[in-house]
Amino acid sequence: DGGITQSPKYLFRKEGQNVTLSCEQNLNHDAMYWYRQDPGQGLRLIYYSQIVNDFQKGDIAEGYSVSREKKESFPLTVTSAQKNPTAFYLCASVLTAGGPSTGELFFGEGSRLTVL
Amino acid sequence: DAKTTQPNSMESNEEEPVHLPCNHSTISGTDYIHWYRQLPSQGPEYVIHGLTSNVNNRMASLAIAEDRKSSTLILHRATLRDAAVYYCILLNFGNEKLTFGTGTRLTIIP
């Protein structure tokens with residue numbers, strides 16, 4: 001079955017450590033996204049990538065980094081520079097070519113990061 | 001970037017219709033109107049989307065204003081499982097920076 005997979009589902013980190021969250025999709029989607037969600041809040045865009053080897057900052061990119069070396073993969077690194085990294089992180093993808101029926105945004109199940 | 005505006009919260013009685021509004025006054029001609037909903041501790045799931053005409057699927061209906069500056073998601077008969085946060089977003093294949101608003105938290109009263 002096609003889908004989008006995030007791992008790990010839960011992650012604990014000590015202050016000062018970098019951590020990388022994985023996002024893999026087998027939907028042949030062009031665009032991929034990372035969002036952050038804090039309790040009771042909406043989704044805020046961290047980074048997005050429209051094609052391989054290209055990505056753009058979203059609204060809250062400071063303290064985060066990404067790469068897009070393969071179409072299927074868009075890992076997010078939460079660096080020690082991120083002041084409040086404890087949050088729920090969501091990855092999403094969408095097929096950007098084609099008609100209206102290809103416009104559905106698919107989300108992963110999320111990764112919950114807790115900084116101790 | 002095109003933005004959407006939704007009420008923070010709404011309540012509805014179980015088994016009654018629910019109309020969730022969304023304003024998008026800066027919508028462009030190539031923006032698709034998408035609706036997603038999110039249950040606690042889960043990723044959002046797709047509900048429905050449209051461009052100009054009203055749309056129906058098994059989950060809901062989408063009514064789009066003639067000038068496209070607003071839309072309404074209609075749940076025809078709300079159940080307790082419909083309690084979620086509903087997001088209205090604009091998706092443009094020419095500019096894939098997808099931003100979400102805070103959404104509408106829908107509470108269903110038994």
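Everything here concerns the structure above.
A brief report on the enclosed structure follows. In this text the structure is predicted, and so the values were computed from the model without any measurement.

Cut-offs and rules
- Residues numbered from 1 in each chain as written.
- Chains lettered and ligands numbered in written order.
- Predicted model: local features only at pLDDT ≥ 70, side-chain atom pairs only at ≥ 80, totals over all residues.
- Heavy atoms only, no water.
- Helix = DSSP H or I, 4+ residues; strand = E, 2+ residues; numbered from the N terminus.
- Rg over C-alpha atoms; globule rule 2.2 N^0.38 Å.
- Buried < 20%, exposed > 50% of the residue type's maximum accessible area, 1.4 Å probe, protein only.
- Contact = heavy atoms within 4.5 Å.
- Areas by Shrake-Rupley, 256 points an atom, 1.4 Å probe, with all protein chains shown as cover.
- Lys, Arg positive; Asp, Glu negative; His and termini not counted.
- Charge placed at Lys NZ, Arg CZ, Asp CG, Glu CD.
- Polar contact = N/O pair within 3.5 Å; in protein donor to acceptor, adjacent residues only side chain to side chain.
- Pairing = 2+ DSSP bridges.
- Disulfide = S-S within 2.5 Å.

Details of the overall build of chain A
Here comes step 1: On a plain count of helices and strands, chain A comes out with 0 helices and 11 strands.
Here comes step 2: Scaling as 2.2 N^0.38, a compact globule of 116 residues should have a C-alpha radius of gyration of about 13 Å, and chain A matches this with 14 Å.
Here comes step 3: For chain A, the C-alpha atoms occupy an extent of roughly 45 × 25 × 25 Å along the three principal directions.
Here comes step 4: Burial statistics for chain A: of 116 residues in total, 50% are counted as buried.
Here comes step 5: If you take every contact in chain A between residues at least 6 apart in sequence, the share linking residues at least 24 apart comes to 54%.
Here comes step 6: Approximately 5,600 Å² of chain A is accessible, and the part contributed by carbon and sulfur atoms is 48%.
Here comes step 7: If you average the places of the 11 positive and of the 12 negative side-chain charges in chain A, the two averages end up 8 Å apart.

Details of the environment of Ser93(A)
All names here are of chain A.
Here comes step 1: Here Ser93 is to be found in strand 9 (residues 87-94).
Here comes step 2: On the basis of relative accessibility, which here comes to 0%, the residue Ser93 falls in the buried class.
Here comes step 3: Once residues lying within four places of it in the same chain are set aside, the contact partners of Ser93 are Ile4, Gln25, Leu27, His29, Ala31, Met32, Glu104, Leu105 and Phe106.
Here comes step 4: Separated by 2.7 Å, the side chains of Ser93 and His29 make a polar contact.

Let's talk about the environment of His34(B)
Here comes step 1: By the element assignment, His34(B) lies in strand 3 (residues 31-38).
Here comes step 2: Residue class for His34(B) comes out buried when judged on its relative accessible area of 1%.
Here comes step 3: With 16 residues separating them in the primary sequence, His34(B) and Gly50(B) have C-alpha atoms 6.7 Å apart.
Here comes step 4: The contact partners of His34(B), leaving out residues within four places of it in the chain, are Gly103(A), Glu104(A), Tyr46(B), Ile48(B), His49(B), Tyr87(B), Cys88(B), Ile89(B) and Leu91(B).

Some words on the pairing of strand 5 (residues 43-51) of chain A
Residue and element names in this part refer to chain A.
Here comes step 1: Where strand 4 (residues 31-37) and strand 5 come together, 6 bridges link them in antiparallel fashion. The residue bridging Tyr33 from the neighbouring strand is Tyr48, located in strand 5.
Here comes step 2: With 3 bridges connecting them, strand 5 and strand 6 (residues 54-57) associate as antiparallel partners. By the bridge assignment for strand 6, Tyr47 is matched with Lys57.
Here comes step 3: Linking strand 5 to strand 6, which pair antiparallel, is a turn of 2 residues; within it Asn53 sits at a positive phi near 65 degrees.

Observations regarding the sheet that holds strand 5 (residues 55-56) of chain B
Here comes step 1: The sheet built from 4 strands is open, its strands ordered 2-7-6-5 (chain B) with antiparallel pairing. At either margin of the open sheet sits one strand with a lone partner, and together these are strand 2 (18-23) and strand 5 of chain B.

Comments concerning the state of the cysteines
Residues and elements named next belong to chain A.
Here comes step 1: All told, the structure shown has 2 disulfides over all chains when counted by the stated rule.
Here comes step 2: The disulfide partner of Cys23 is Cys91, and the S-S distance across this bridge is 1.8 Å. Note on the Cys23 and Cys91 pair: the S-S dihedral is about -75 degrees, so by sign convention the disulfide is left-handed. With Cys23 in strand 3 (residues 19-25) and Cys91 in strand 9, this residue pair connects regions lying 68 residues apart in the sequence.

Function-wise, these values are silent; they only describe arrangement.
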